[in-house]
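# Topology and contacts: notes
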Amino acid sequence: RHYLELAMKNPTPTAHRIASDMAVNRRHDQKALAEAKQAIALDPNNSENHKIMARVMHMVGKPEEAIAFAKRAMLLNPLDKAFPLFSIGVSRFQMGQYEEAVTLCERALENNPKATSIASILAAAYGQLGREQEARAALEIYLKGWGKKPSLPGVMYFFPFKNPEHADRFADGLIKAGLAGKPGGYYKISEKLRLSGEEIRFLFFGKKAIGFWGKAQWAINRAKVGEATYRWGSKLIGSGKSWIKGDELCNQWEKLYGGLRYCSDVYRNPEGTPEEKNEYVIIDDKGIVGCSLEG
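Before going into details, it helps to say that this report is about the structure given with it. (Residues numbered from 1 in each chain as written. Predicted model: local features only at pLDDT ≥ 70, side-chain atom pairs only at ≥ 80, totals over all residues. Heavy atoms only, no water.)

### Concerning the sheet that holds strand E1 (residues 208–213)
Strand order in the closed barrel formed by eight strands is E1-E2-E3-E4-E5-E6-E7-E8, with antiparallel pairing between adjacent strands. Strand after strand, the sheet turns through a mean of 35 degrees between neighbouring axes, direction not considered. Where strand E4 (residues 235–245) meets strand E5 (residues 248–253), six bridges bridge the pair, whose relative direction is antiparallel. Bridging across to E5, Gly240 finds its partner in Trp253. Lying over the sheet, helix H12 (residues 197–204) contacts E1, strand E2 (216–222), E4, E5, strand E6 (262–268), strand E7 (280–284) and strand E8 (287–294), oriented at roughly 85 degrees with respect to E6. (Pairing = 2+ DSSP bridges. Helix = DSSP H or I, 4+ residues; strand = E, 2+ residues; numbered from the N terminus. Axes fitted to C-alpha atoms, helices over the stretch in contact; angles between N-to-C directions. Contact = heavy atoms within 4.5 Å.)

So this is what it looks like as structure tokens:
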């Protein structure tokens, strides 16, 4: 994010493309679309720009349009078939065409076996088809790309399908493939649930935010004036400050993350509970995490 902000002072098509990709993860749909359009406008013959537009189309619920951009990317760079084939496979999965999704993702993996992320949709498609053994094998391939086994919400961070049916279908397929979780057990992000800057200030400052990252508990204690401390379990791992920028909650720690500032979007989670420490959901460039407030 730091280097992207520097690059956007004199943006190239690559900068716009990366801005679009990062906006997708943050659920900033209009920003993602605008940046992808700008990347294509500046360099229409770059296959990478069409690939990111395909990802945007997936996330905003337009799988047919994603196919068109993926095919364009493959036409522009015939040697790079893996991700365009995967992209079309994602669209077929969204459309409930699981057999077609399997065929496309298998072809994509054959083209680039190191691209383990392709096996995500493959595992979910096999899961929905009831082909349990193949689903588990595909999931194992996908999990090779993670340092340690992720949670369902952690995986869904990278697949922020705006259409609830698409999201449920993907999450359910992964669970059938063997990923730990329960049906619907991921964070449902909706713009109507997003907190404003003033709401964040009122709720989070002068309070302690507590959540879990895996099995580890973390806590950020914020004073009303912004001084903050960050604990992982009982260990103090950072001291710094927090502030509001527009409708974002921003933090900067003296030693963590190289001392670079980062900002997050905060949402209410109607399905959250104080016991599970997930009444609110925080999304930033590092991932997605739930928390509750004390004090």
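So that's the structure; there's more coming.
### Regarding the pattern of salt bridges
For side chains bearing opposite charge, pairing can occur when the charged atoms are close. Under the defined criterion, the tally for this structure stands at 20 salt bridges. Between Glu35 and Lys31 there is a salt bridge, with its nearest N and O atoms 2.7 Å apart. Taken as a pair, Glu35 and Lys31 lie in helix H3 (residues 29–42) at a separation of four residues, close to a single helical turn. A residue is classified by how much of its surface remains accessible, and Lys31, at 42% relative accessible area, is partly exposed. (Salt bridge = Lys/Arg side-chain N within 4 Å of Asp/Glu carboxyl O. Buried < 20%, exposed > 50% of the residue type's maximum accessible area, 1.4 Å probe, protein only.)

### Observations concerning the state of the cysteines
Summed over the entire model, instances satisfying the criterion amount to one disulfide. A sulfur-sulfur distance of 2.0 Å marks the disulfide that ties Cys250 to Cys263. With the S-S dihedral at roughly 100 degrees, the linkage between Cys250 and Cys263 falls on the right-handed side. On the criterion of sequence distance, the pair formed by Cys250 in strand E5 and Cys263 in strand E6 is long-range, its members being 13 residues apart. Taken as a pair, Cys250 and Cys263 share a single burial class, namely buried. (Disulfide = S-S within 2.5 Å.)

### Some thoughts on the packing of H3 against helix H4 (residues 47–59)
Running from amino to carboxyl end, H3 crosses H4 at an angle of 160 degrees, the nearest separation of the two axes being 9 Å. Compared by their axis directions, H3 and H4 come out roughly antiparallel. In this structure, the crossing between H3 and H4 has a hand that is left-handed. On the side of H3, the interface is formed by Ala32, Leu33, Ala36, Lys37, Ala39 and Ile40, while H4 contributes Asn49, His50, Ile52, Met53, Val56 and Met57. Here the contact of H3 with H4 is composed, by residue class, of nine nonpolar, two polar and one charged. (Parallel < 35°, antiparallel > 145°, perpendicular 65-115°, else oblique. Left-handed = near helix turned anticlockwise from the far one by under 90°. Nonpolar A, V, L, I, M, F, W, Y, C, P; charged D, E, K, R; others polar.)

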